[in-house]
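One letter stands for each residue in the lines below.
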Amino acid sequence: MTPGPKDGEATGLPGVRTWKGVYWVVAGSFVLWVGLLVALEMFFP
Amino acid sequence: MNAFDYVVLLGTLFGIAAYGTWRTVGRSDLRTYLHGSGDTPWIVIGLSVMATQASAITFLSTPGQGYEDGLGFVQNYFGAPFALIAIAAVFLPIYRRLKVYTAYEYLGQRFDSKTRLLGAALFLLQRGLGAGITIYAPAIVLSTVMGWRLDLTIVCSGLLVVIYTVAGGSKAVNLTQKYQIGVIFAGMAAAFVVLLCRLPAGLTFSDALAVAGQFHRLHAVDFSLDMRPRYTFWSGLLGGMFLALSYFGTDQSQVQRYLSGSSLRESRLGLMFNAVCKIPMQAFILLLGVLIFVFYQFERPPVFFNQAAWRHESDHGGGARLRAIEADFAAAHAEERSRLETWLAARHRADRAAEAAARAPLVEAQKRAQAVRSEAKQALLDARPGATANDSDYVFITFILDHLPHGIIGLLVAVFFAAAFSSKAAELNALGSTTTVDFYRHLVRREAADAHYVAASKWFTALWGLIAIGFALGANLAENLIQAVNIIGSIFYGVVLGLFLSAFFLRRVGGTAVFWAALAAQTLIFALWIFRSALGISYLWYNVIGCAACMLFSMAIQAVLDGAGAKPAGA
């Protein structure tokens, strides 16, 4: 699943220069959303 | 709806369709007609991918899911971010490098012609059915509550999409989707704000969430390993990932959207935009349904949300029983509201003991009201056996018509149609493209001018539009509509994904092995669906099982073929 060197086109995003970095940011956002949903239920049981 | 609502509704829909047709009509180059002009920026790709997936059913039916079952349905989308990452990293570079018009052309290059045709045929079958539901879903609900004729609603809305999709092709789809998703965002945001304003005085947003929590409507994530519940964290993550991988990676209606990007970067960023936004967007729509549930704890809802069906039975012999049920429901709701206010007063005083004491009677009162609603559904079924007793698709539209101001009503109805149009246009565009490229050009007429294939593509797009309209005219669904779409997709998607993953990762497997493996795996999935009551496997798992079966069967068949001395074709 790791992008090879040929598709290593610049992302053009500030602070995230590789596609691998972009994918980690997306995975991090998933963890964040799931965490928020779990927290919502914990705060309002 | 009054005249102002109709002006907003018709002005929005016809304005976008006319603009899309005017800007794109008259293109004759095949690549431009099928993939757009090739200069689409990432944000348009992202919105287009989002608009293609988010049909009218998403906005009409999902709030009803939130109302009935809370936030749990969001788990269905947990696999989507990871699937989109895999597509951006693996699928997309291959599609772009090979410059394919359709995803199934890749199967032909990697395996053989029959495997390409099988993949394309499975797509046409399930997407052809899906296109019918896409147009049927808003039409059945809106015609019922508005008193419009169902057949005219289906035909008029269907033909409008067919006209601008045929006229402008992929470019028209991208262009109109940009404005349609703008209307959708504006409408849903307006509904959310007005809903918050309509909550009872003194009830804060925090109180509303606390009320929802009392009735388990905020239970979003279920980490249990039980395979029977439809939605758990694991079924959403694994089953949902395979569903999303198949849908976004191999369904031509999506592939066509992101292949219109001007570069690999633009296509990837469009996909990553969806990877980040999909879960919060679905959670937001479900939360809207949860807040409507809270709203109706204070404002008595109809005992059955499909009020047209209720009135019809009431006027045709079942009146006495239904009126008795209505009276029971009014009493049960009044008691529930009284208990709720007692519990809220204790909560506001921060009196934990009183709050705890008020909780049990509140839950009991809610159960009684719920029991009366179940009785109402049973009464309808008794009066008309075989009738649809699922009214969750009518929750949001009932709220809109009964409680939102004029103008906003027109905007929200425009949202449903805009969402239906955006999905249907992409589906028709993909159905026409696949029929032209994978069947007509491949089997019937191999060498012809671009203008000939563009004309053929227009005819096939129109034909699929008419088939979808015909299917919608004959459709009758008992399931909640958004679940019906996902169930149909899950029956086919796993096997199609298995074909593609075999192509990417099983280098020794050839066309003959994967072809028969796909047929066997599809038969297995049909069997699982037919015996679903006995087996009790949630449909999301079909995506995993279908994909795994296709890959395992293809390896086994290839081993047999190798043992018999046959060479792996296309490997």
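Residues numbered from 1 in each chain as written. Chains lettered and ligands numbered in written order. Predicted model: local features only at pLDDT ≥ 70, side-chain atom pairs only at ≥ 80, totals over all residues.

Describing the overall build of chain A
What counts is decided by this rule: Helical segments are the DSSP runs of H or I of at least four residues, strand segments are the runs of E of at least two, and each set is numbered from the N terminus. Any residue surrounded by 20 or more other C-beta atoms within 10 Å of its C-beta is treated as buried, while 12 or fewer makes it exposed and the intermediate range makes it partly exposed; C-beta atoms here are placed from the backbone.
Each helix and strand in chain A was counted, giving one helix and zero strands. The proportion of buried residues among the 45 residues of chain A is 18%.

Overview of the overall build of chain B
The line we're drawing: In this setup the radius of gyration rests on C-alpha atoms only. A globule is expected at 2.2 Å times the number of residues raised to 0.38. What counts as a contact is two residues whose backbone-derived C-beta atoms lie within 7 Å of each other.
In terms of regular secondary structure, chain B is built from 22 helices and zero strands. For chain B, whose C-alpha radius of gyration is 25 Å, the value lies close to the compact-globule estimate of 25 Å for 571 residues. For chain B, the spread of C-alpha atoms along the principal axes amounts to about 75 × 55 × 50 Å. When the 571 residues of chain B are sorted by exposure, 55% land in the buried category. Taking as baseline every contact in chain B between residues at least 6 positions apart, the subset at least 24 positions apart corresponds to 86%.

A word on the environment of B:Val509
Residues and elements named next belong to chain B. When you line up the elements, valine 509 lands in the loop between helix 19 (481–505) and helix 20 (511–530). Owing to 27 C-beta atoms within 10 Å, valine 509 belongs among the buried residues under this scheme. Put simply, valine 509 and asparagine 429 are 80 residues apart on the chain and 32 Å apart in space, counted from C-alpha to C-alpha.

Regarding unusual backbone geometry
Residues and elements named next belong to chain B. With a phi close to 50°, lysine 99 is a non-glycine residue in the positive phi region. Residue placement: lysine 99 occurs in the loop between helix 5 (80–98) and helix 6 (103–110). You can call lysine 99 exposed: it has 10 C-beta atoms within 10 Å. For alanine 350, which is not glycine, the phi dihedral falls at a positive 60°. On the secondary structure map, alanine 350 appears in the loop between helix 14 (319–348) and helix 15 (352–383).

Here we look at the interface of chain B and chain A
Which entries qualify depends on this criterion: By the convention adopted, Pro, Cys, Tyr, Trp, Phe, Met, Ile, Leu, Val and Ala count as nonpolar, Lys, Arg, Asp and Glu as charged, and the other residues, Gly among them, as polar.
On the side of chain A, 21 residues touch chain B, which itself brings 25 residues to the contact. Secondary-structure elements contributing two or more residues to the side of chain B that touches chain A are helix 5, helix 9 (205–214) and helix 12 (264–298) of chain B. Broken down by element, the side of chain B that touches chain A gets its largest block of residues, nine residues, from helix 12 of chain B. Per-class residue counts for the side of chain B that touches chain A are 21 nonpolar, two polar and two charged.

Topic: the environment of B:Lys377
Residues and elements named next belong to chain B. Counting through the fold element by element, lysine 377 comes out in helix 15. For lysine 377, a count of 18 C-beta atoms within 10 Å corresponds to the partly exposed category. When the C-alpha positions of lysine 377 and aspartate 391 are compared, they lie 8.7 Å apart, and in sequence the two are 14 residues distant.

Quick word on the nonpolar core
All names here are of chain B. Keep this limit in mind: Joined through C-beta atoms within 7 Å, a set of buried Ala, Val, Leu, Ile, Met, Phe, Trp, Tyr and Cys residues constitutes a nonpolar core. The start and end points of each domain follow an automatic or database-based domain assignment.
In terms of nonpolar packing, the biggest core is built from 199 residues, with Leu84, Ile87 and Val415 touching the most fellow members. If you tally residues by element for this core, the top one is helix 12, at 19 residues. Three or more residues apiece are contributed to this core by two domains, here domain 1 (3–21 + 41–296 + 399–563) and domain 2 (307–387).

With respect to helix 1 (residues 3–24) of chain B
All names here are of chain B. We apply this condition: A helix is expected to span 1.5 Å for every residue after the first. Each C-beta atom gives one direction from the helix axis, and the arc is the one those directions make.
A rise of 1.5 Å per residue sets the reference length of helix 1, with its 22 residues, at 32 Å; its end C-alpha atoms lie 31 Å apart and thus fit the reference within 8%. Buried within helix 1 are the following residues: Asp5, Val8, Leu9, Thr12, Leu13, Ile16, Ala17, Gly20 and Thr24. Buried residues along helix 1 cover an arc of 125° about the axis, so they all sit on one side. Residues Ala3, Val7, Gly11, Phe14 and Arg23 are exposed on helix 1 and point more than 90 degrees away from its buried face.

Describing helix 20 of chain B
Counted at 1.5 Å a residue, the expected span for helix 20 of chain B with its 20 residues is 28 Å, and the 29 Å between its end C-alpha atoms agrees. Within helix 20 of chain B the residues assigned to the buried category are B:Gly511, B:Thr512, B:Ala513, B:Val514, B:Phe515, B:Ala517, B:Ala518, B:Ala521, B:Gln522 and B:Ile525.

Here we look at the domain arrangement of chain B
Residues and elements named next belong to chain B. We note that the domain assignment places domain 1 (3–21 + 41–296 + 399–563) and domain 2 (307–387) within chain B. Using only C-alpha atoms to locate each centre, domain 1 and domain 2 end up separated by 35 Å. Across the boundary between the two partners, domain 1 contributes seven residues, which contact seven residues of domain 2. It is helix 9 that contributes the most residues to the side of domain 1 that touches domain 2, four residues altogether. In the side of domain 1 that touches domain 2, the residues fall into four nonpolar, two polar and one charged.

Remarks on the confidence of the model for chain B
Residue and element names in this part refer to chain B. Quick note on the threshold: pLDDT measures how confident the predictor is about each residue, on a scale from 0 to 100.
For chain B, the mean per-residue pLDDT works out to 85, and 94% of the residues sit at or above 70. Mean pLDDT values for the elements of chain B range from 73 in helix 2 (residues 30–35) up to 94 in helix 12. Two summary scores accompany this predicted model of the complex, namely pTM at 0.83 and ipTM at 0.87.

Concerning the packing of helix 3 (residues 42–53) of chain B against helix 8 (residues 150–198) of chain B
Residue and element names in this part refer to chain B. Selection rule: Orientation is described by axes fitted as lines to C-alpha atoms, over the contacting stretch for helices, and by angles from 0 to 180 degrees between their N-to-C directions. The labels follow the angle: roughly parallel below 35 degrees, roughly antiparallel above 145, roughly perpendicular from 65 to 115, and oblique for the rest.
Put simply, helix 3 and helix 8 touch, their axes get as near as 9 Å, and they point 75° apart. With respect to helix 8, the element helix 3 is oriented roughly perpendicular. Contacts between helix 3 and helix 8 involve Val44, Leu47, Ser48, Met50 and Ala51 from the first element and Asn174, Gln177, Lys178, Gln180 and Ile181 from the second. Residue composition of the contact of helix 3 with helix 8, by class: five nonpolar, four polar and one charged.

Re the environment of B:Trp22
All names here are of chain B. Structurally, the position occupied by tryptophan 22 is in helix 1. Using a count of 13 C-beta atoms within 10 Å as the deciding quantity, one classes tryptophan 22 as partly exposed. When the C-alpha atoms of tryptophan 22 and tryptophan 516 are compared, they prove to be 47 Å apart, with 494 residues separating the residues in sequence.

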